[in-house]
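# Fold and geometry: a report
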Amino acid sequence: MPEFAQAARKLAPVDPSAWKDWTQTARADYEAWLTPEPAPGSLHPGEVIAYLRKRLPPETIVTNGAGNFAGWVHRYYPYPGFHTELAPTSGSMGYGVPSAVAAKLVHPDRPVISFSGDGDFLMCGQELGTAAQHDLRIVFIVVNNGMYGTIRMHQERDYPGRVSGTELKNPDFAALARAYGLHGETVDKTADFEAAFERA
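Now for a description of the structure that goes with this document. As the structure is a computational prediction, the values presented were derived from the model and not from experiment.

Definitions and limits used
Residues numbered from 1 in each chain as written. Predicted model: local features only at pLDDT ≥ 70, side-chain atom pairs only at ≥ 80, totals over all residues. Heavy atoms only, no water. Patch = residues over 30% accessible without salt bridge, like charges linked within 9 Å, V, L, I, M, F, W, Y side chains within 5 Å. Areas by Shrake-Rupley, 256 points an atom, 1.4 Å probe, with all protein chains shown as cover. Salt bridge = Lys/Arg side-chain N within 4 Å of Asp/Glu carboxyl O. Helix = DSSP H or I, 4+ residues; strand = E, 2+ residues; numbered from the N terminus. Core = buried A, V, L, I, M, F, W, Y, C linked by side-chain atoms within 4.5 Å. Buried < 20%, exposed > 50% of the residue type's maximum accessible area, 1.4 Å probe, protein only. Contact = heavy atoms within 4.5 Å.

### What about a nonpolar patch on the surface?
Together, V14, W19 and W22 line one region of the surface with nonpolar side chains, adding up to about 410 Å² of accessible area. Note on placement: W19 falls in the loop between α1 (2-9) and α2 (20-33).

Next comes the structure, spelled out in structure tokens:
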């Protein structure tokens with residue numbers, strides 16, 4: 001690497017004018033892609049992420065587990081730099097909660113936000129106890145649709161009419177947080193998210 005860097009320093013800069021228009025168009029396309037598209041339901045996850053994108057400082061660490069819910073995070077939250085994302089690369093469900101606890105223990109001075117699906121959260125949600133025990137200030141966001149959504153999607157696509165074992169009977173997640181002595185509330189409408197986040 002040092003030899004390559006030394007040789008590269010001696011090279012004349014490349015004239016970017018040949019692709020200047022293309023890069024400007026590509027950048028505009030990317031920025032437009034960050035605007036949430038219309039979606040059904042009273043709570044729009046893309047709008048939630050768009051709000052967080054404006055609200056969170058650049059040093060925030062965002063964690064997530066595995067599931068379709070993470071698609072909104074990855075599309076609408078452009079990570080501002082290195083060491084700002086903790087996410088599984090192999091579809092490991094349950095990763096979002098413990099990775100947030102670890103991130104906050106290592107970086108107590110940085111905000112940490114954790115995203116989980118409901119099934120994803122239930123795999124390691126007991127780590128709320130660790131967060132409470134060490135007084136970690138993490139915001140846990142649970143996307144609750146009452147099912148293992150990704151698995152259900154594949155079932156409905158590949159085996160129509162043969163859904164099996166993907167429905168969940170969930171606890172009241174806000175009450176569970178409060179049972180650990182943490183703040184907990186349920187948000188059902190996009191318009192209510194901002195105030196709930198500020199309280200959290």
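### Overview of the nonpolar core
One broad trend across soluble globular proteins is that nonpolar side chains are buried collectively. Residues I49, L52, I113, F115, I141, F193 and F197 are the most contacted members of the largest nonpolar core, which totals 17 residues. For this core, the secondary structure elements donating two or more residues are α3 (45-55), α4 (70-76), β3 (112-117), β4 (138-143) and α10 (190-199). Among the elements that take part in this core, α3 stands out by supplying four residues, more than any other. Every residue in contact with I113, bar those within four places of it in the chain, is listed here: L56, T60, I61, V62, T63, V139, I141 and F197. Residues A103, V112, L136 and I138 belong to the second largest nonpolar core, which totals eight residues.

### A word on the environment of D109
Among the structural elements, D109 can be located in the loop between α5 (96-106) and β3. Owing to a relative accessible area of 64%, D109 belongs among the exposed residues under this scheme. It is 9.6 Å that separates the C-alpha atoms of D109 and T60, two residues lying 49 residues apart in sequence.

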